[in-house]
Each structure stands twice: as C-alpha cells, then as structure tokens.
Amino acid sequence: MSQTKLGERNDLVYEDVCMDFDSAAGVIRALDPFSFHIQGNEFIVIVGPSGCGKTTLLHITSGLTAPTSGQVLLGGEKIVEPGPDKAIVFQNFSLFPWKSVYDNIEFGLRINGVPLADRQRLVVNAIQLIGLDGFEKHFPRQLSGGMQQRVAIARSFVMQPQILLMDEPFAALDAQNRQLMQEELVRIWQTQKPTVLFITHSVEEAVFLADRIIVMSRRPGRIKEILRPRDFMGELTSHWRTLPYDDVIRRIDFQELRAQVWRLVKSEIGDRH
Amino acid sequence: MRKRHKLLKNTFALASVMTLISAWWGVTSLGLVRPLILPSPAEVGLGLVDIWHGYLGVPFMNHFKASLSVMILGYLSAAVVGVSIGIGMAWIPSVDRLLSPLVSAIRPIPPPAWIPLTILWFGIDLTAKVFIVFVAAVVPCLLNSYQGIKSVPVDLLNAGRSLGATRKVLLMEIVVPAALPVILGGLRIALGTAWATIVAAELVVSLAGFGFLIMNGYRNLESNIVFCGMLAVAITGFLMNFLFLRLSQKLVPWMPSEK
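Criteria and thresholds
Residues numbered from 1 in each chain as written. Chains lettered and ligands numbered in written order. Predicted model: local features only at pLDDT ≥ 70, side-chain atom pairs only at ≥ 80, totals over all residues. Helix = DSSP H or I, 4+ residues; strand = E, 2+ residues; numbered from the N terminus. Contact = placed C-beta atoms within 7 Å. Rg over C-alpha atoms; globule rule 2.2 N^0.38 Å. Buried ≥ 20, exposed ≤ 12 C-beta atoms within 10 Å, placed from the backbone. Pairing = 2+ DSSP bridges. Axes fitted to C-alpha atoms, helices over the stretch in contact; angles between N-to-C directions. Nonpolar A, V, L, I, M, F, W, Y, C, P; charged D, E, K, R; others polar. pLDDT = per-residue confidence, 0-100. Core = buried A, V, L, I, M, F, W, Y, C linked by C-beta atoms within 7 Å. Parallel < 35°, antiparallel > 145°, perpendicular 65-115°, else oblique. Left-handed = near helix turned anticlockwise from the far one by under 90°. Right-handed = clockwise from strand over helix to strand, strands pointing away. Expected span 1.5 Å × (residues − 1).

Caption draft 1: Broad picture of the overall build of chain B. In terms of helices and strands, chain B carries 10 helices and 0 strands. Reading the secondary structure of chain B in the N-to-C direction produces α-α-α-α-α-α-α-α-α-α. Each principal axis of the C-alpha atoms in chain B carries an extent, and together these give about 75 × 60 × 30 Å. If you take every contact in chain B between residues at least 6 apart in sequence, the share linking residues at least 24 apart comes to 71%.

Structure representation (structure tokens):
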C-alpha cells in the first residue's frame with residue numbers, strides 16, 4: 001500500500017515538453033515536443049548521440065532550465081525551480097572543494113534547516129553507506145575520482161530526493177572504478193529507490209542498470225525507442241543489476257540486448273556522415 | 001626525496017645570490033666603476049648604519065612607520081571597497097551596468113599618474129598618500145573579485161541550487177568561497193602595486209618614508225644611501241608578500257600550497 005503511494009509521489013510526467021535555444025545561426029531546436037510518463041521508483045537510462053538533448057532534458061527535469069513550452073510534473077506538481085527533491089549528480093562530481101567530505105554531505109541538510117542531531121545521524125549513515133568512514137575530514141582534492149563520486153552520490157541521497165538525476169556520472173572514471181560504482185549505485189539506490197534519470201554514453205551501463213532504456217535520436221532530440229531489459233532476462237526472478245556485473249555481462253541475453261541497443265544508437269550516429 | 005629536492009633548490013638559490021655579491025664586490029674593489037655609479041658593499045653597509053641611527057636626523061623606524069602606516073590604511077580600505085564592489089558587480093547585473101563604465105574609465109590610468117592630482121587635492125599629508133595607495137590597490141582587488149565570481153563553475157552553482165540554496169546562501173557559501181583563490185590573487189597583485197606606488201609617491205614629494213630616503217640619497221649624491229633605501233623597499237616588500245602568502249594559505253586550506 002505504502003509502496004504504491006510512494007510510487008505515485010515520485011511519478012514523473014512530461015507533457016508536450018519542447019526546447020529551443022537561440023543562437024547566432026537562429027533558433028535551434030534541442031528537443032522536439034514529446035510526452036512521456038515515468039513510474040515512481042523507475043530506473044530510466046537515456047542513451048543517444050552527443051548533442052541529442054540528453055543533458056537539456058535532465059536540466060528541464062531538475063528545474064534549472066524552463067522548457068520553451070510544455071511542462072514536467074513530479075508527483076502531480078509542476079516543476080518550476082530546482083530543489084533538494086530533485087537531486088543531481090554531475091559527471092565532474094562538482095563537490096565543493098573548500099568543504100570536507102562531511103561538510104559536503106551535510107550542506108544540503110544544513111541549509112534546509114534540518115536540526116543538528118538529525119544532520120549528524122544522517123551524514124554518519126551516508127558516509128557509512130558509501131564506505132568512506134575515516135575520510136570525513138578529507139577535502140575532495142585528496143580523494144580518488146571514484147571516492148569523490150561516492151561523496152557526490154551521498155550528498156544527493158542524504159536529501160532523500162524524489163528523483164535522482166545523473167548526468168554521465170561515471171564517464172570520468174576508469175573502467176574498473178566504473179564497474180564498481182555501477183554495483184555500488186544499485187546497492188545505494190535500493191535503500192531509498194528514488195526515481196532515477198540516468199544519462200550515459202555506455203550502452204553496457206544502460207543495459208545493466210535500466211528498468212527502461214530510452215534511445216534518443218540525434219538533434220532535434222526525439223525518443224527513438226524504448227526498451228525494457230526485464231523482457232530480455234528470461235528465467236531471472238529479479239533484475240540482473242542486483243547480480244555481480246562480471247556474471248551478467250557474460251549472459252547471452254545481456255549481450256543480445258546490448259547489441260540491439262548499440263545498433264539503435266549507432267544508426268543515429270552513422271546517419272550523420 | 002622532497003627534502004633532497006628542497007636542499008638542491010636552496011643550494012642553487014644561495015649560489016646565484018653569492019655570485020652576484022662577489023661580482024659586485026670584485027668590480028668595486030678593483031675600482032672598475034666610480035663609487036657614485038656603484039658603491040661598494042662596505043659603503044652600503046656603512047650607509048645602513050647611518051640610516052639606522054638617523055640619516056639627516058630622521059631615525060630609520062620613522063621612515064618605516066611612515067611608509068607602512070600609509071600602506072596599511074590605504075591597502076586595507078582598498079581591499080574592503082574593491083572586493084565588495086567587485087563581488088557586487090559580478091553578482092548583481094544592475095550594479096554591473098551602473099559601475100562598469102566608471103571602472104573602465106579609471107582602470108587604464110596607471111597609479112603613479114594619480115600622484116600630481118592627489119597632491120593638488122590633499123596636499124602631502126597622510127590623507128594624500130593613503131588615497132594614492134587606495135587608488136593603486138583598489139583596481140586589482142575589484143577586477144579579480146569580479147573575475148573570480150564570474151568564473152565560478154556553473155556546475156557548482158547548479159549543485160548548490162539543486163540542494164536548495166537560496167540566492168543569499170549561494171553567494172555566501174558557494175560563490176565567494178569558490179572565488180576566494182582568485183580574489184586572494186587580486187589582493188596579492190594589489191599589495192605589490194600599492195607598495196610600488198607609495199614608494200613612487202614618496203619619491204615625488206614626502207617628508208619621510210623609504211622613497212624619501214632614496215630621493216635624499218640621490219640629491220646628496222650618496223649612492224650608497226640610494227642602495228640602502230632600495231634594499232629596505234625590497235626587504236619590506238618581500239616580507240609583506242611572504243606574510244600574505246602565509247595568511248592566504250590559512251584562508252584556503254583546500255588549495256595545493258603555492259611555492
């Protein structure tokens with residue numbers, strides 16, 4: 001019962017959303033008008049060629065950018081401004097370099113007036129969750145890329161957001177860290193299950209993580225195809241993202257889906273030449 | 001390894017300074033140049049003793065106090081005013097539109113060019129010199145603060161806004177700390193400019209101060225005094241810069257330290 005309610009609260013509805021940019025060469029259409037419904041607690045991964053409007057879509061959803069026309073509803077409410085209910089994780093981590101790990105994670109709670117005792121409990125929990133005990137007083141510069149991105153994820157999760165927006169969060173990490181962080185993200189995500197909008201260039205990442213994969217066309221961005229990895233998982237009772245990554249990528253069904261998604265993305269890149 | 005590197009660096013530094021001093025000593029003791037053009041190290045040493053006890057009746061500490069009090073008053077007021085206006089212009093578009101024409105007009109005037117006008121306005125007392133230091137220091141403070149605020153990465157702003165920061169919180173907790181290294185860079189440039197300008201002003205007209213000392217040595221054809229005055233300017237400038245660097249490392253502990 002409470003699960004359903006929570007789901008509705010986190011539902012994300014796009015109604016005729018369209019985005020144009022003014023440039024020296026005239027008006028450029030970044031996103032063709034589209035409507036779309038994301039269920040609460042869904043893990044959505046968006047793939048598509050560079051410049052297809054993925055980041056624009058993310059910014060509109062966060063409330064940082066207003067769409068040219070149309071609207072986005074979160075739990076039935078129109079999104080008009082950014083806020084802690086719509087957390088963002090950036091590709092370049094964007095931690096506050098002058099704040100320690102602890103202060104970075106505490107920042108959002110503090111400026112939103114959460115009492116000190118609650119703050120301490122939440123931050124300590126978050127640091128434990130990302131496995132960075134002992135690094136509380138470190139500055140971001142003193143951490144590896146993977147650790148920095150963990151802090152950024154904790155900084156977002158500690159606000160208990162309704163939606164989590166991730167803009168190629170692991171693109172700056174090396175392959176090994178990337179794989180670890182994908183597994184880590186699934187583990188952390190399951191503690192709260194916010195609705196996730198995750199942008200990536202990695203088809204493999206998309207296939208591993210997503211409830212639904214949205215393949216976007218090249219500019220102006222349109223939804224080209226939507227795929228459900230669940231439909232490809234055969235005998236599995238739970239989503240393969242909960243299994244070890246190394247085992248999953250060896251599965252034939254995983255590889256088939258990966259190839260299918262890659263063909264879709266490639267056709268969008270290829271058409272350009 | 002680091003210790004060894006430092007030792008090596010110090011050895012080179014010492015070698016270059018020693019070479020210069022021995023060349024100086026060699027050239028003067030061989031009588032290759034006239035003492036008026038280049039006084040010997042010994043003469044400069046005598047000059048130092050002379051100045052310490054009071055060259056032309058003014059004790060050294062009076063020169064030091066004269067130059068430094070002007071410096072502190074002018075520099076600190078320039079820092080407060082310049083940084084505030086720079087931040088204000090970068091953060092509030094209407095302030096930018098209002099003040100940027102004024103800044104553009106004042107900016108290209110080299111600080112020493114203000115000296116004659118300032119003497120006409122304020123005479124040669126403390127106010128005049130403080131004003132000159134202020135004018136010299138305020139421009140780099142303002143420009144760097146402006147630039148620092150404008151170049152805060154947009155993702156940091158977006159991160160702050162998405163965590164629920166109001167405009168005030170954004171300014172105080174994200175924009176200003178993010179810009180602080182650049183602002184401090186401006187304050188450091190201003191320190192050098194202000195010091196150069198006050199010495200220049202004292203050269204033109206003054207009753208005490210290092211510039212006054214240099215100019216008097218020149219007028220009396222005592223080049224060793226000129227050297228001593230320059231040495232005092234150099235050492236004081238070096239110490240101010242050193243103190244400033246120490247202080248700014250305290251203010252920005254998250255930055256890698258500068259050498």
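Caption draft 2: Spatial organisation of the overall build of chain A. Looking only at helices and strands, chain A features 9 helices and 10 strands. Scaling as 2.2 N^0.38, a compact globule of 273 residues should have a C-alpha radius of gyration of about 19 Å, and chain A matches this with 19 Å. When burial is assessed residue by residue, chain A has 43% of its 273 residues classed as buried. A fraction of 73% describes how many contacts in chain A between residues 6 or more apart in sequence connect residues 24 or more apart.

Caption draft 3: Molecular detail of the sheet that holds strand 8 (residues 195-199) of chain A. All names here are of chain A. Spatially, 6-7-8-3-9-10 is the arrangement adopted by the 6 strands of the open sheet, whose pairing is mixed. The sheet is open, and its two borders are formed by strand 6 (86-89) and strand 10 (223-227), each paired with just one other strand. Across this sheet, the average inter-strand angle for adjacent strands is 20°, counted without regard to direction. Across 4 bridges, strand 3 (residues 43-47) lies against strand 8 in parallel orientation. Note on strand 8: the bridge partner recorded for Ile 44 is Leu 197.

Caption draft 4: Structural detail: the interface of chain B and chain A. The partner chain A presents 21 residues to the 13 residues of chain B that form the contact. At the level of secondary structure, the elements contributing two or more residues to the side of chain B that touches chain A comprise helix 7 (154-162) and helix 8 (167-204) of chain B. Top contributing element to the side of chain B that touches chain A by residue count: helix 7 of chain B, with 6 residues. In the side of chain B that touches chain A, the residues fall into 8 nonpolar, 3 polar and 2 charged.

Caption draft 5: Just the confidence of the model for chain B, in detail. Across chain B, the average pLDDT comes to 91, with 98% of residues at 70 or higher. Complex prediction metrics read pTM 0.86 and ipTM 0.88.

Caption draft 6: Representation of unusual backbone geometry. All names here are of chain A. Residues other than glycine seldom take positive phi values, yet Asn 41 does so here, at roughly 70°. Residue position: Asn 41 is located in the loop between strand 2 (26-38) and strand 3. Of note in this structure, Gln 160 is not a glycine but carries a positive phi near 45°. Within the element layout of this structure, Gln 160 appears in the loop between helix 5 (145-157) and strand 7 (163-167).

Caption draft 7: Region of interest: the confidence of the model for chain A. Mean pLDDT over chain A stands at 89; residues scoring 70 or higher make up 96%. At the level of individual helices and strands, chain A shows its lowest average pLDDT in helix 1 (residues 2-9) of chain A, which scores 51, and its highest in helix 3 (residues 101-111) of chain A, which scores 96.

Caption draft 8: Structural detail: the nonpolar core. Counting 127 residues, the largest nonpolar core has Ile 44, Val 45, Ile 213 and Val 261 of chain A together with Val 133, Ala 137 and Ala 194 of chain B as its most contacted members. Once residues within four sequence positions are removed from consideration, Val 261 of chain A is found in contact with Val 47, Val 203, Ala 206, Val 207, Ile 213, Val 215 and Leu 227 of chain A.

Caption draft 9: Up close: the packing of helix 2 (residues 41-54) of chain B against helix 10 (residues 223-251) of chain B. Residues and elements named next belong to chain B. Two elements in contact, helix 2 and helix 10, have axes whose closest approach is 8 Å; the angle formed by their N-to-C orientations is 70°. Relative to helix 10, helix 2 is oriented roughly perpendicular. Between helix 2 and helix 10, the contacting residues are Glu 43, Val 44, Leu 46, Gly 47, Leu 48 and Ile 51 on the first element and Asn 224, Ile 225, Phe 227 and Cys 228 on the second. When its residues are assigned to classes, the contact of helix 2 with helix 10 shows 7 nonpolar, 2 polar and 1 charged.

Caption draft 10: Spatial organisation of the environment of Ser 16 of chain B. Relative to the helices and strands, Ser 16 of chain B resides in helix 1 (residues 2-29). On a C-alpha basis, the gap between Ser 16 of chain B and Leu 231 of chain B in space is 18 Å, while along the polypeptide they are 215 residues apart.

Caption draft 11: Structural context of the packing of helix 6 (residues 126-150) of chain B against helix 8 of chain B. All names here are of chain B. It is at 7 Å that the axes of helix 6 and helix 8 come closest, and there the two elements cross at 155°. Judged by the inter-axis angle, helix 6 sits roughly antiparallel to helix 8. With respect to the hand of their crossing, helix 6 and helix 8 are arranged in right-handed fashion. In terms of residue class, the contact of helix 6 with helix 8 is made up of 18 nonpolar, 8 polar and 1 charged.

Caption draft 12: Region of interest: the sheet that holds strand 5 (residues 77-78) of chain A. Residue and element names in this part refer to chain A. Sheet architecture is open: 4 strands sit in the order 2-1-4-5, paired in antiparallel fashion. Looking at which strands have only one partner, the edges of the open sheet turn out to be strand 2 and strand 5. As judged from the 5 bridges shared by strand 1 (residues 12-23) and strand 4 (residues 69-74), these two strands associate in the antiparallel manner. Bridging across to strand 4, Glu 15 finds its partner in Gln 71. Where helix 2 (residues 54-62) meets the sheet, its contacts fall on strand 1, strand 2 and strand 4, and the angle it forms with strand 1 comes to roughly 120°.

Caption draft 13: Representation of the pairing of strand 7 of chain A within the structure. Residue and element names in this part refer to chain A. With respect to burial, strand 7 is a largely interior element, 5 of its 5 residues being buried. Note: strand 6 against strand 7, 4 bridges, orientation parallel. Residue Lys 86 lies in a different strand from strand 7, and its bridge partner there is Ile 163. As paired elements, strand 7 and strand 8 share 5 bridges and run parallel to each other. Paired with Asp 167 across the bridge in strand 8 is Ile 199. Once you follow strand 7 into helix 6 (residues 175-192) and on to strand 8, the crossover reads as right-handed.

Caption draft 14: Examining helix 4 (residues 116-129) of chain A more closely. Residues and elements named next belong to chain A. Between its first and last C-alpha atoms helix 4 spans 20 Å; for 14 residues at 1.5 Å apiece the expected length is 20 Å, and the two agree. Tucked inside the fold, the buried residues of helix 4 contact helix 3 and helix 5. Two residues or fewer after helix 4 comes Gly 131, characterised by a positive phi angle close to 70°.

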